[in-house]
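Fold and contact review
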2 protein chains.
Amino acid sequence: MDQVEFISGRTRIYGIVGHPIAQVRSPEMITAELFSRGRDAILIPIHILPADVETCVPQVMRIQNLDGLVFTTPFKQIACAFADELGAQALAVGAINALARRSDGRWVGDIFDGLGCVEAFRRRGHSFTGKRVMLIGAGGAGSAIGVAVAHQSPAVLRIFDIDSARAASLTEKVRRVDPRIEIICDQPNVDGIDILLNASPVGMLDDPRMPIAAETIPGNVVVFDAIVKPEETKLLRIATAGGCETIRGREMMRGQIAKIVDFFLV
Amino acid sequence: MDQVEFISGRTRIYGIVGHPIAQVRSPEMITAELFSRGRDAILIPIHILPADVETCVPQVMRIQNLDGLVFTTPFKQIACAFADELGAQALAVGAINALARRSDGRWVGDIFDGLGCVEAFRRRGHSFTGKRVMLIGAGGAGSAIGVAVAHQSPAVLRIFDIDSARAASLTEKVRRVDPRIEIICDQPNVDGIDILLNASPVGMLDDPRMPIAAETIPGNVVVFDAIVKPEETKLLRIATAGGCETIRGREMMRGQIAKIVDFFLV
């Protein structure tokens, strides 16, 4: 093999910045999405240490053929400082996970975790408008999901986090997005809800627990779990057995990737 | 297509730094060489402006999964400043084109243009030891070739450059490598030589000229042209017609790529 076909001197570069980096899926998935849109572009992993991020990222952004960055843990908050301008979701959440160079040289940041969840529901034919939603988890992913859902005008948003300060903080963010939404800070509770969203880490990997007693969920509730590994969490498995429609973290990830590539290619 | 196969969060990153960058061939060729050695690693184009290079490159070197850089025009000299340690070729030439992170975190630089030429000859079964060599061109590539050839103990090295100061400078470098070599600064001259090396840009792209009257080259002379485009220069075409064995710039590039990847993977 004298040369590979997928990269050359003309290839445009994107990167995902995180610490650690080996576990990220954006390189293979966003590169595939860029290819599917006919772009000569790839997304590479960029492992930057927390102590280096403030000096290193602005210089990486000086690379002329680098057109955008994705940020993952633990850099989603600090990455706001690298943007010249923030989108509506990012302003509400206080974090970004994508930063794109515009044709005028300005860098625009926004967060797509929550938009990916909304997009996953849209692809299944579901809207949040007027719905009663229970959200479990108000950390990074949960806040982004709460804000994105709030932009869709649900009737009720119940929020639970084991850290009540995080639940209170997300309540404030949601209120600023749309003061008409009825917000209830509550224990996990499925009474009278239409949609259940798990954005907590409970059930991840080998964790045998569930964020809520899945056996009690009525069959008309749509159940979403942001967890990506395993693809089908215990929560989703039991909800499916109980007759619920379920939406997986992988679908949110696909929705998010489509939205991020839209944002990169504006 | 949900994902591509050639990149993930675990992929190690190399880059080629230059200005401009679109014309470089290292991304497809070095990536192919890394793959052929079973590595999960790619080399990307990194376009850095000359005004940014001194601040940007040291920060790019802080990326933890970036293991090496290639430097091309106009950064081969300034890149020496980024190395903690320089190899023998780099010290003699005063430039580097590859910089590798060692396991102890130190960055080692060296230049492989000239070694690539020597490697191309070796792969054809030719050595420079004891030979009488005419070298045309003592710029960046010519100096690197002159120094690499000098390490092989030729008997005679004739050097020509249209800029006599460059020829004089290379003469000094060759003398420091091996004072026993007879050095002649001369017009292009094929009398009594074994090997003719063109490292000047004469004959590149649509340039119809030749660096020397190829019709006069005896059939026993091995003729090398560092020019990559066109693959067969007018010099090589006429030398071939005259019975000479010829070696192309593409072969030097392949030899160089093998040597750079050896250096990266030490």
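As a starting point, this report considers the structure included with it. (Residues numbered from 1 in each chain as written. Chains lettered and ligands numbered in written order. Predicted model: local features only at pLDDT ≥ 70, side-chain atom pairs only at ≥ 80, totals over all residues. Heavy atoms only, no water.)

Our next topic: the overall build of chain A. When its secondary structure is counted, chain A shows 8 helices and 12 strands. By the compact-globule yardstick of 18 Å for 266 residues, chain A fits well, its C-alpha radius of gyration being 19 Å. Each of the three principal axes of chain A carries a C-alpha extent, and together these read 60 × 40 × 35 Å. Residue burial in chain A is summarised as follows: out of 266 residues, 58% are buried. Counting contacts in chain A only where the partners sit at least 6 residues apart, residues at least 24 apart contribute 69% of the total. Taking the average place of the 29 positive charges on the side chains of chain A and the average place of its 31 negative ones, the gap between the two points comes to 2 Å. (Helix = DSSP H or I, 4+ residues; strand = E, 2+ residues; numbered from the N terminus. Rg over C-alpha atoms; globule rule 2.2 N^0.38 Å. Buried < 20%, exposed > 50% of the residue type's maximum accessible area, 1.4 Å probe, protein only. Contact = heavy atoms within 4.5 Å. Lys, Arg positive; Asp, Glu negative; His and termini not counted. Charge placed at Lys NZ, Arg CZ, Asp CG, Glu CD.)

This next bit is on the sheet that holds strand 4 (residues 85-86) of chain A. All names here are of chain A. As summarised here, the arrangement of the 6 strands in space is 2-1-3-5-6-4, forming an open sheet in which the pairing is mixed. Every interior strand has two partners, whereas the edge strands, strand 2 (41-47) and strand 4, have only one. Contacts from helix 1 (residues 26-36) reach strand 1 (12-18), strand 2 and strand 3 (66-71) within the one sheet, and its direction differs from that of strand 2 by about 165°. (Pairing = 2+ DSSP bridges. Axes fitted to C-alpha atoms, helices over the stretch in contact; angles between N-to-C directions.)

Topologically, T171 of chain A is positioned in helix 6 (residues 164-177). Using a relative accessible area of 8% as the deciding quantity, one classes T171 of chain A as buried.

One copy of the chain maps onto the second through a rotation around an axis plus a translation along that axis. Mapping chain A onto chain B leaves a residual RMSD of 0.1 Å; the transformation is a rotation of 180° accompanied by 0.0 Å of translation along its axis. Here the symmetry operator amounts to a two-fold rotation axis. By residue overlap, the copies meet face to face through one surface: 100% of the interface positions of chain A are interface positions in chain B. (Least-squares fit on C-alpha atoms with pLDDT ≥ 70 in both.)

Further remarks concern the environment of P154 of chain B. All names here are of chain B. Here P154 lies in the loop between helix 5 (140-150) and strand 8 (156-160). Sequence separation between P154 and A90 is 64 residues, and the spatial gap between their C-alpha atoms is 20 Å. In this view, P154 contacts F128, G130, K131, V133, V149 and I181; residues no more than four positions away in its chain are not counted.

Taken as a whole, this structure holds 13 aromatic pairs over all chains when the rule is applied. Ring centres of F6 of chain A and F35 of chain B lie 5.9 Å apart, and the angle between their planes is 35°; this geometry places the pair in the tilted category. One end of the pair, F6 of chain A, is in the segment before strand 1; the other, F35 of chain B, is in helix 1 (residues 26-36), on a second chain. Ring centres 4.7 Å apart and planes at 45° place the aromatic pair F121 of chain A and F128 of chain A in the tilted group. For the pair shown, F121 of chain A and F128 of chain A are each scored as buried. Taken together, the ring pairs in this structure connect F6 and F35 of chain A together with F6 and F35 of chain B into an aromatic cluster. Cation over ring: R102 of chain A sits above F263 of chain A, and NZ or CZ is 4.7 Å from the ring centre. (Phe/Tyr/Trp six-rings, centres within 6.5 Å; stacked < 30°, edge-to-face > 60°. Lys NZ or Arg CZ within 6 Å of the ring centre and 35° of its normal.)

A few words now on the nonpolar core. Residues F71 of chain A together with F71 of chain B are the most contacted members of the largest nonpolar core, which totals 56 residues. Every element with two or more residues in this core is listed here: strand 1, strand 2, helix 2 (53-60) and strand 3 of chain A together with strand 1 (12-18), strand 2 (41-47), helix 2 (53-60) and strand 3 (66-71) of chain B. Setting aside anything within four residues of it in sequence, one finds F71 of chain B in contact with V17, V57, K76, A79, F82, I96, N97 and L99 of chain B. (Core = buried A, V, L, I, M, F, W, Y, C linked by side-chain atoms within 4.5 Å.)

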